[in-house]
Amino acid sequence: MPIPAEFSLIAKHFAPLAGPGALGLLDDAAVLAPPPGRELVLAADAMVAGVHFLPDDPPETLGRKLLRVNLSDLAAMGAAPLGYLMTVALPRGTPDSWLAGFAAGLAEDQREFGIHVLGGDTVSIPGPVTLSLTILGHVAPGAALRRAGARVGDEVWVSGSIGDGMLGLAALRGEVPDAEGYLASRYRLPRPRLALGQALAGLAHAAMDVSDGLVQDLGHLCRAGGCGAVLRAGDVPLSPDAAALVTAQPGLLPRLLSGGDDYELLFAAAPGAAPAIQAAASACGVAVSRIGHFVAGEALVTVLDEAGAELPPGTGGWSHF
């Protein structure tokens, strides 16, 4: 009896990515024992062609981005990665070369982040490429970082730089220059701040990653903490490429503050924690910046320019519906 096409596909492209708990991807489920004395952390994200990525994006980057946006959710909880489940839904007739590139990209990031696939599903569909990944991680009991916890007087911190993801998409659409391809790479391959997230245990009162836009996500921290926030636009860190574009087009700045796809860590911490946070970030090789503070009142974000005047908000951040 011939082997069904689905099983041949799995054996060729995905079985080499499997870890021990995956049982060679020969069974209907994985068997996994979490590290002793640790709590499981789980998250899931989906990506659809034409919605979350461009239909002509290289398959080598798609698997990596899918994995990285989920790893970013673990980073925001201060968790370490353990494994993942993945569903790949492809239009009928997708060439084998696409799958080979997709799997090769995943293999590269599995090596970088020390993680393996545990199982999942592959299906053929009439619609666009649809990808879904469920990530498993672990954290010390009670140590997971949460969105809730920001306190009045806490400082607002963010890692890395903001706006590169939005500008990267704009560059790929031909809307802004990107001669070296830096912005496009930041859009296609975000950098999950796993080490920093784990280092913030005991330092951050609340945390999340910036996926839907800095202002919108800061609003999420405000709502979870029952307070407001003041954001200093001039203190928001920009990459040299983004800063050059803002200098040429100052009207871009509100859009950068509202754009998504940065996947940096946004967190709240007491003012006295600043030296420890700077030391932890330096040890992780990640820049961090203080960009505002939390205030009493409604769960609203007020953005101030360098003169202290309120800056009109840009277009609203990403919505999942």
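Worth saying up front: this structure is predicted, and the values here are computed from it rather than measured.

## Side note on the UniProt feature "binding site: ATP" (unreviewed entry) in the protein
Within this numbering scheme, the UniProt entry marks Gly-120, Asp-121, Arg-147 and Ser-211 as carrying the feature "binding site: ATP" (unreviewed entry). For the annotated residues, spread through 92 residues, the largest C-alpha to C-alpha distance comes to 31.2 Å, inconsistent with a single compact locus. Positionally, Asp-121 belongs in strand β3 (residues 117-125). If we skip the residues at most four places from it in the chain, Asp-121 touches Glu-6, Met-86, Thr-87 and Val-88. The residue Ser-211 is located in the loop between β6 (206-209) and α7 (214-225) in this model. Note on Ser-211: relative accessible area 18%, which makes it buried. Setting aside anything within four residues of it in sequence, one finds Ser-211 in contact with Asp-217, Gly-260, Asp-261 and Tyr-263.

## Structural notes on the packing of aromatic side chains
Following the criterion strictly, the structure yields three aromatic pairs and no others. When the ring of Phe-14 is compared with that of Phe-102, the centres are 6.4 Å apart and the planes differ by 85 degrees; the resulting orientation is edge-to-face. Taken together, the positions of Phe-14 in helix α1 (residues 5-14) and Phe-102 in helix α3 (residues 96-113) put the pair 88 residues apart, joining distant regions of the chain. Phe-102 carries the same exposure label as Phe-14, and that label is buried. Measuring from centroid to centroid gives 5.3 Å for Trp-98 and Phe-102, while their planes differ by 15 degrees, and the two rings are stacked. One end of the pair, Trp-98, and the other, Phe-102, are both in helix α3, four residues apart, so they sit about a helical turn from each other. Note on Trp-98: relative accessible area 14%, which makes it buried. The exposure class of Phe-102 is buried, given its relative accessible area of 0%. Put simply, the rings of Phe-14, Trp-98 and Phe-102 touch in pairs and so form one group of aromatic residues.

Procedures and definitions
- Residues numbered from 1 in each chain as written.
- Predicted model: local features only at pLDDT ≥ 70, side-chain atom pairs only at ≥ 80, totals over all residues.
- Heavy atoms only, no water.
- UniProt positions renumbered as here; feature names shortened; annotations may be inferred.
- Helix = DSSP H or I, 4+ residues; strand = E, 2+ residues; numbered from the N terminus.
- Contact = heavy atoms within 4.5 Å.
- Buried < 20%, exposed > 50% of the residue type's maximum accessible area, 1.4 Å probe, protein only.
- Phe/Tyr/Trp six-rings, centres within 6.5 Å; stacked < 30°, edge-to-face > 60°.

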